[in-house]
Amino acid sequence: MAGIKSVARKDGDDYRISGQKMWITNSLQADWMCMLVNTGEGPVHKNKSLIMVPMRDGPNGQLTKGIEIAGKIKKIGMNASDTGLIYFDEVRVPQRYLIGQEGAGFVYQMQQFQEERLWGAASSIVAFDNAIEWTVEWAQQRKMFGATLADQQWVQFKLAEVKTEVECLRSLIYQACEKYVAGQDVLEMASMAKLKAGRLGRLVPDTCMQFWGGMGYTWENKVARMYRDSRLAGIAGGADEVMLGIIAKTMGIAKRPAR
Ligand SMILES: Cc1cc2nc3c(=O)[nH]c(=O)nc-3n(C[C@H](O)[C@H](O)[C@H](O)COP(=O)(O)OP(=O)(O)OC[C@H]3O[C@@H](n4cnc5c(N)ncnc54)[C@H](O)[C@@H]3O)c2cc1C
């Protein structure tokens with residue numbers, strides 16, 4: 001985030017924005033974008049601002065002059081939302097669309113990440129609960145050699161194990177949310193929750209999918225969809241390694257980079 005290149009230069013009452021944004025969720029249909037851009041020189045954490053950019057103007061919803069949507073990115077999952085690459089070429093935006101203070105965008109974005117990462121972790125919980133519940137139901141129905149799949153102790157133990165992991169994540173999220181609502185800094189806990197949700201995003205669907213056998217390897221299967229969709233959790237919104245870096249910094253064992 002500190003290395004973004006897009007710039008907004010003042011021109012009369014407007015900003016003129018140039019640059020590009022890759023991986024923008026819902027950008028093919030969005031009317032507005034909340035954009036972090038460089039609005040000045042100087043240290044990277046003090047030269048950025050958040051600006052509301054109207055993606056469309058005109059009566060027929062044409063793209064704002066200077067905005068080009070280069071295309072929809074073909075992803076392996078998360079196909080219920082589109083993801084785009086967008087170019088900005090001298091896009092004029094009124095300066096009153098600045099959010100808060102100019103130059104404070106980096107700090108705002110870091111604060112927003114705490115909420116986004118908590119939300120990301122919290123929203124994964126229902127998906128994990130569902131995957132486990134569906135798999136229990138399936139295992140109880142699937143008959144083999146005079147018993148059901150659920151009668152196998154290995155299956156019981158594996159499902160008990162992932163359920164326990166999910167409950168640990170749920171507790172962490174509740175604890176972090178309580179602190180966040182009380183106005184406390186939850187950088188470390190939100191990062192831990194995001195990291196754990198990313199890890200469980202691999203473990204839970206993978207464990208569950210195994211017990212669906214061939215049915216689990218079909219496109220229509222709900223657990224298979226989760227297997228594809230939830231892989232994103234360890235990458236987007238800050239990859240697992242970025243979360244580990246933040247936690248290591250809050251623990252005082254990693255140095256903050258000089259800016
Ligand atoms: C489907 C999708 C939707 C997205 N939506 C949005 C959006 O709406 N808005 C938005 O701004 N962004 C969005 N993103 C971008 C997303 O936040 C980035 O893809 C993510 O932060 C990883 O950055 P990157 O792709 O540049 O990977 P890179 O920075 O190139 O990292 C590649 C890999 O390197 C490793 N790595 C990275 N940093 C470190 C480190 N410090 N130490 C060790 N290893 C490291 C990680 O394993 C990482 O996955 C979206 C991405 C996807 C795939």
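Scoring rules and cut-offs
- Every residue gets a number counted from 1 within its own chain, in the order that chain's sequence is written.
- Local features in a predicted model are, by the rule used here, given only for residues with pLDDT of at least 70; side-chain atom pairs are given and counted only at 80 or more, and totals for whole chains, interfaces and linings are based on all residues.
- Calculated side-chain values reflect all of the structure's heavy atoms, with hydrogen atoms and water omitted.
- Two aromatic rings from Phe, Tyr or Trp, using only the six-membered ring of Trp, form a pair when their centres are within 6.5 Å; if the ring planes differ by under 30 degrees the pair is stacked, by over 60 it is edge-to-face, and anything between is tilted.
- Comment: elements are numbered from the N terminus, with helices defined as DSSP H or I runs of at least four residues and strands as E runs of at least two.
- A ring has a charge above it when a Lys NZ or an Arg CZ is no more than 6 Å from the ring centre and no more than 35 degrees off the ring normal.
- Salt bridge, as used here, is a side-chain nitrogen of Lys or Arg placed within 4 Å of a carboxyl oxygen of Asp or Glu.
- Classification of residues uses two cut-offs on accessible area relative to the type maximum, computed with a 1.4 Å probe and protein chains only: under 20% is buried, over 50% is exposed, and between them is partly exposed.
- The domain boundaries here were taken from an automatic or database domain assignment.
- Throughout, a residue-residue contact means that at least one pair of heavy atoms, one from each residue, lies within 4.5 Å.
- Note on terms: buried area is the combined drop in 1.4 Å-probe accessible area of two parts once they are placed together, counting the loss on both.
- For the purposes of these results, a polar contact is taken to be a pair of N or O atoms within 3.5 Å, where, inside protein, one atom must be able to donate a hydrogen and its partner to accept one; residues adjacent in sequence count only when each atom of the pair is a side-chain atom.
- Only Asp, Glu, Lys and Arg are considered charged, only Ala, Val, Leu, Ile, Met, Phe, Trp, Tyr, Cys and Pro nonpolar, and every remaining residue, Gly among them, polar.
- Pairing between strands is defined by DSSP: at least two bridges between them are needed.
- Proximity is defined per residue: if any heavy atom of the residue lies within 4 Å of a molecule or strand, that residue is considered near it.
- Surface accessibility follows the Shrake-Rupley procedure with a 1.4 Å probe radius. Residue values consider only the protein chains on display as shielding.

S.K.: Break down the packing of aromatic side chains for me, with residues and values.
M.R.: In total, this model carries two aromatic pairs according to the counting rule given. Taking the centre distance of 5.5 Å and the plane angle of 65° together, the rings of Trp32 and Tyr97 count as edge-to-face. In this pair, Trp32 is assigned in strand E3 (residues 32-38) and Tyr97 in the loop between strand E8 (83-94) and strand E9 (98-99), connecting sequence segments 65 residues apart. Judged by centre distance (4.8 Å) and plane angle (10°), the ring pair of Trp138 and Trp212 falls under stacked. Highlighted residues: Trp138 in helix H1 (residues 105-141) and Trp212 in the loop between helix H3 (187-211) and helix H4 (222-229), separated in sequence by 74 residues. Above the face of the Phe113 ring, Arg117 is positioned so that its terminal group lies 4.2 Å from the ring centre. The lysine or arginine in question, Arg228, covers the ring of Trp219, its NZ or CZ lying 3.7 Å from the ring centre.

S.K.: Let's hear about the pattern of salt bridges: which residues, and what values?
M.R.: Opposite charge on two side chains permits them to pair, given that their charged atoms come into close proximity. Per the counting criterion, the structure on display carries twelve salt bridges. With a shortest N-O distance of 2.8 Å, Arg16 and Asp11 are connected by a salt bridge. Since its relative accessible area comes to 27%, Asp11 is described here as partly exposed. Note that Asp240 and Arg202 form a salt bridge whose closest N and O atoms lie 2.8 Å from each other. Of this pair, Asp240 sits in helix H5 (residues 240-250) while Arg202 sits in helix H3; the two residues are 38 residues apart in sequence, bridging distant segments of the chain.

S.K.: Summarise the domain arrangement of the chain; cite the residues concerned and give the values.
M.R.: Entries for the chain in the domain assignment read domain 1 (7-99) and domain 2 (105-250). If you average the C-alpha positions of domain 1 and of domain 2, the two centres end up 31 Å apart. Taken residue by residue, the interface counts twelve residues in domain 1 and eight residues in domain 2. Carbon and sulfur atoms supply 67% of the area buried between domain 1 and domain 2, which totals about 860 Å² over both sides. Together, Leu50, Ile76 and Met78 form the three largest contributors to the area buried by domain 1 at its contact with domain 2, with a combined 46%. Remark: the boundary between domain 1 and domain 2 carries two residue pairs in polar contact (both at pLDDT 80 or more). Take the side of domain 1 that touches domain 2: its biggest share by element is three residues, from strand E4 (residues 48-54). For the side of domain 1 that touches domain 2, a count of residues per class yields seven nonpolar, four polar and one charged.

S.K.: Could you give an account of the pairing of E8, naming the residues involved and the relevant values?
M.R.: Judged from the nine bridges that link them, strand E2 (residues 14-25) and E8 form a sheet pairing that is antiparallel. Residue Asp14 lies in a different strand from E8, and its bridge partner there is Pro94. Here strand E7 (residues 67-72) runs beside E8; their pairing, made up of five bridges, is antiparallel. Considered in E8, the bridge of Glu68 is made with Tyr87.

S.K.: Provide a residue-level description of the site of the ligand, including the pertinent values.
M.R.: Taken together, 13 residues form the shell around the ligand, and within it Trp23, Thr25, Ile235, Gly237 and Glu241 come nearest. One nitrogen or oxygen atom from the side chain of Thr25 is found 2.7 Å from a nitrogen atom belonging to the ligand. Gly237 has a polar backbone atom sitting 3.2 Å from an oxygen atom of the ligand. Across the complex, the protein chains shield 46% of the 960 Å² of accessible surface that the ligand would expose by itself. Elements represented by at least two residues in the shell around the ligand include exactly E2 and H5. In terms of residues, the shell around the ligand owes the most to one element, E2, which gives three residues. Taken together, the residues of the shell around the ligand sort by class into seven nonpolar, four polar and two charged. Inspection of the shell around the ligand shows a minimum of three residues originating in each of domain 1 (7-99) and domain 2 (105-250).

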